[in-house]
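Examination of the molecular architecture
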Amino acid sequence: MKRTSAGRAGEAGRAGKTVTFLIQSMQERGGMERVTATVASGLARRGLNVEILTLWGRASAFTLDPGVRLSTLGMAPGTLRMRGQTLPLIYGLRRRLAARQPATLVVVDTFLSAFAFPASAGLNIRRVAWEHFHYHTDLGMRSRRIGRFTAAFLGQHVVTLTQQDADQWCAALPTARARIRPIANPLSFVQPSDNPYSPLSRTVLAVGRLDDQKGFDLLLAAWAGVEPDFPGWCLKILGNGVREQALLEQARRLRLSRCTFEQATADVEQEYRAAGVYALSSRHEGLPMVLLESQAYGVPAVAFDCPTGPADLLGPGGGLLVAPGQVGAFADALRSLMSDPQTRQRLSREAFNNSARYESGRIFDQWQTLLEPERQPTPAGVTSAGTGISAQILTAHIIKTRSSSNVNFTLDE
């Protein structure tokens, strides 16, 4: 079919608004992958030319808008290590970026900045780092601290999930060249028009990866102090992860009779509809998607006031905040809600009303403003001369190490 001049103009317009999201993989059913799919799809529907580029994996666990291009560098799945993989990854990524020439590169997780921002040096690509945890969480990885430093001084923008975390970045890196600004995660679904919550529900729900961060060991300990007094209630934990067997064994030791573990599900909205209380027991967060989503279904919550996010979501109402790690206080908060349907109903209304702040259209507006080049001049200190010198040094290293690298980047679509 012959393309019209109007069609060519439309393609040119889209090409001028290209954005590549770089993420390790889209194959896991995690919060980071879900919000990437949501934001990328939302921007594609608004006319941007959007690509999600993975280090490995050709599939997405979450539905993507047809306008989102999903491609991969073709690396073998596994833990990404700076020693031995940095220069080969920089080379493979640089080759892809040079071929695609996106207007903006968004690294999903600031950890990847250490690889991606040097790879894009000198290519006239705006660099954005997207923080999904918070500044003082490094998960025991020195490379994560390096990535944040790289994001602050080689990037144009750092996007945090909360104002509290943005303040932490600014306090820790007062001379950062990047502009640091909060953009909250959006709801990944359309909020029901009417609050569907029922105070008759007797399920305490928790959703997330079964790992140390999510603190399900703390939740089980709290539930052990609550379960005997509430025979009509049960605890349901949805998720997969490395701590699954340890948590099952803990539940057996505690002799919990009304605690079930189920696999992560794509139909999590139905779980929110059936929940009476949501329990967030995390040791740390960025902005917990599961708490945000449960609020959209009007589920009152109990959450540890961990850094960062629970206070942002529950501060205006909708649940009870408990000092981090205080298992007894968490059990008391659960007990107070489970025994008082009127309080649950009041908190449900607050939660449902407050979740409108995270309606996807509002969040997409903020991303679209960030991605408009004419509205976002390069910050002072980030000059083409500086990136040009970096590019020369980087290219020399890449050429030197290319022949000795055993890492194969297929660059398949």
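Please refer to the structure placed before this passage.
In what follows, the accompanying structure is described. Quick caveat: nothing in here was measured; it's all calculated off a predicted structure. Numbers given to residues run from 1 along each chain, matching the order in which its sequence is written. Restriction of local features to residues with pLDDT of at least 70 applies here, the model being predicted, together with a cutoff of 80 or more for giving and counting side-chain atom pairs; totals for whole chains, interfaces and linings are based on all residues. The side-chain figures draw on all heavy atoms in the structure; neither hydrogens nor water molecules are used.

Regarding the overall build of the protein chain
Helix and strand labels come from DSSP, where a helix needs a run of H or I of at least four residues and a strand needs a run of E of at least two; each type is numbered from the N terminus. Counting secondary structure elements, the protein chain contains 15 helices and 13 strands. Buried residues are those whose accessible area, probed at 1.4 Å on protein chains only, stays under 20% of the maximum for their type, while exposed residues exceed 50% and partly exposed ones sit between those limits. Here the protein chain holds 413 residues, and 53% of them are scored as buried. Here the contacts in the protein chain between residues at least 6 apart in sequence split such that 69% fall between residues at least 24 apart. Counting only carbon and sulfur atoms, one obtains 51% of the accessible surface of the protein chain, whose full area is about 17800 Å². By definition in these notes, contact holds between two residues if any of their heavy atoms fall within 4.5 Å. Using a 1.4 Å probe, the Shrake-Rupley method yields the accessible areas, and only the shown protein chains count as cover for residues.

Some thoughts on the packing of aromatic side chains
Here a Phe, Tyr or Trp ring, Trp counted by its six-membered ring, pairs with any other such ring whose centre lies within 6.5 Å, and the pair is stacked when the planes are under 30 degrees apart, edge-to-face when over 60, and tilted otherwise. Counting across every chain of the model gives 10 aromatic pairs. When the centroid spacing of 4.6 Å and the interplanar angle of 35 degrees are considered together, the rings of Phe149 and Phe153 count as tilted. In this pair, Phe149 and Phe153 are both assigned in helix α5 (residues 142–154), four residues apart and thus about one turn of the helix distant. On the basis of relative accessible area, Phe149 is assigned to the partly exposed category, the value being 48%.

Quick word on the layout of surface pockets
Empty space among the atoms becomes apparent when a probe as large as a water molecule is rolled across them. Taken as a whole, the second largest pocket spans an internal volume of roughly 400 Å³. With a 1 Å grid spanning the protein atoms alone, the term cavity applies to any set of points in which a 1.4 Å probe fits but cannot get out, the term pocket to an open set with protein on both sides within 12 Å along at least five of seven lines, and the term lining residue to any residue with an atom within 4 Å of a point. Forming the boundary of the second largest pocket are 20 residues, of which Thr38, Leu187, Ser188, Phe189 and Val190 lie nearest the centre. Secondary structure elements with two or more residues in the lining of the second largest pocket: α2 (31–45) and α14 (360–371). Here the lining of the second largest pocket gets five residues from one element, more than from any other, and that element is α2. Looking at the lining of the second largest pocket residue by residue, the classes come out as eight nonpolar, six polar and six charged. Grid points are joined across faces, edges and corners, and a volume is the space filled by probe spheres set on the points. For this scheme, ten residues count as nonpolar: Ala, Val, Leu, Ile, Met, Phe, Trp, Tyr, Cys and Pro. Four count as charged, namely Asp, Glu, Lys and Arg, and the remainder, Gly too, count as polar.

What about the environment of Ala296?
Note that Ala296 resides in helix α10 (residues 289–296). Sequence separation between Ala296 and Asp194 is 102 residues; the distance between their C-alpha atoms is 10.0 Å. Not counting the four nearest positions on each side in its chain, Ala296 is found in contact with Leu187, Phe189, Gln191, Pro192, Phe352 and Ser355.

As for the sheet that holds strand β11 (residues 277–280)
A pair of strands is labelled paired if DSSP reports no fewer than 2 bridges between them. Pairing is parallel in the open sheet, where six strands are placed in the order β10-β9-β8-β11-β12-β13. A single partner strand is all that each edge strand has here, and the edge strands are β10 (259–262) and β13 (319–322). Neighbour-to-neighbour, the strand axes of the sheet open up by a mean angle of 20 degrees, direction not taken into account. Both strand β8 (residues 203–207) and strand β9 (residues 234–238) contribute to a ladder of five bridges, which runs parallel. Geometry is summarised by axes, namely lines fitted to C-alpha atoms with helices restricted to the contacting stretch, and by angles between N-to-C directions that run from 0 to 180 degrees.

Considerations on the packing of α2 against α14
Two numbers describe how α2 lies on α14: the axes approach to 10 Å, and their chain directions differ by 70 degrees. The orientation of α2 relative to α14 falls into the category roughly perpendicular. Packed against α2, whose contacting residues are Thr38, Val39, Gly42, Leu43 and Arg45, the element α14 presents Phe364, Trp367, Gln368 and Leu371 at the interface. Split by residue class, the contact of α2 with α14 holds five nonpolar, three polar and one charged. By the definition adopted for this analysis, an angle is roughly parallel if under 35 degrees, roughly antiparallel if over 145, roughly perpendicular if from 65 to 115, and oblique otherwise.

Focus: the nonpolar core
One finds Phe21, Val50, Trp130, Tyr278 and Trp367 to be the most contacted residues of the largest nonpolar core, which totals 54 residues. Broken down by element, the residue count for this core peaks at seven residues, all from α2. One finds Phe117, Ala152, Val158 and Ile180 within the second-largest nonpolar core, a separate group that totals 31 residues. As used in this record, nonpolar core signifies buried Ala, Val, Leu, Ile, Met, Phe, Trp, Tyr and Cys residues forming a set joined through side-chain atoms within 4.5 Å.

Some remarks on the pairing of strand β12 (residues 301–304)
On a regular strand, each side chain points to the face opposite its neighbour's, so the side chains alternate between the two faces of the sheet. Alternating residues of β12 divide into Ala301 and Ala303 and Val302 and Phe304, and every residue in both groups is buried. In the sheet, β11 pairs with β12 via three bridges, with the strands oriented parallel. In the sheet register, Ala279 faces β12, and the bridge partner there is Val302. Of the pairings in the sheet, the one linking β12 to β13 comprises four bridges and is parallel in character. Residue Ala301 lies in a different strand from β13, and its bridge partner there is Gly319.

Brief notes about the pairing of β9
When you tally the buried positions in β9, you get four out of five residues, the bulk of the element. If the strands point away from the viewer and the path from the first strand over the helix to the second runs clockwise, then the crossover is right-handed. Handedness of the β-α-β unit built from β8, helix α7 (residues 216–226) and β9 comes out right-handed. Where β9 lies against β10, four bridges are found, and the strand directions are parallel. When the sheet's bridge partners are listed, Ile237 is paired in β10 with Phe261.

What about the sheet that holds strand β7 (residues 179–182)?
In space, the seven strands of this open sheet follow the order β3-β2-β1-β4-β5-β6-β7, with parallel pairing throughout. The open sheet terminates on both sides in strands that have one partner only, identified here as β3 (68–72) and β7. Neighbour-to-neighbour, the strand axes of the sheet open up by a mean angle of 20 degrees, direction not taken into account. Where strand β6 (residues 157–160) lies against β7, four bridges are found, and the strand directions are parallel. From the neighbouring strand, Val159 faces β7, where its bridge partner is Arg181. Here helix α6 (residues 163–172) sits on the sheet in contact with β6 and β7, set at roughly 160 degrees to β7.

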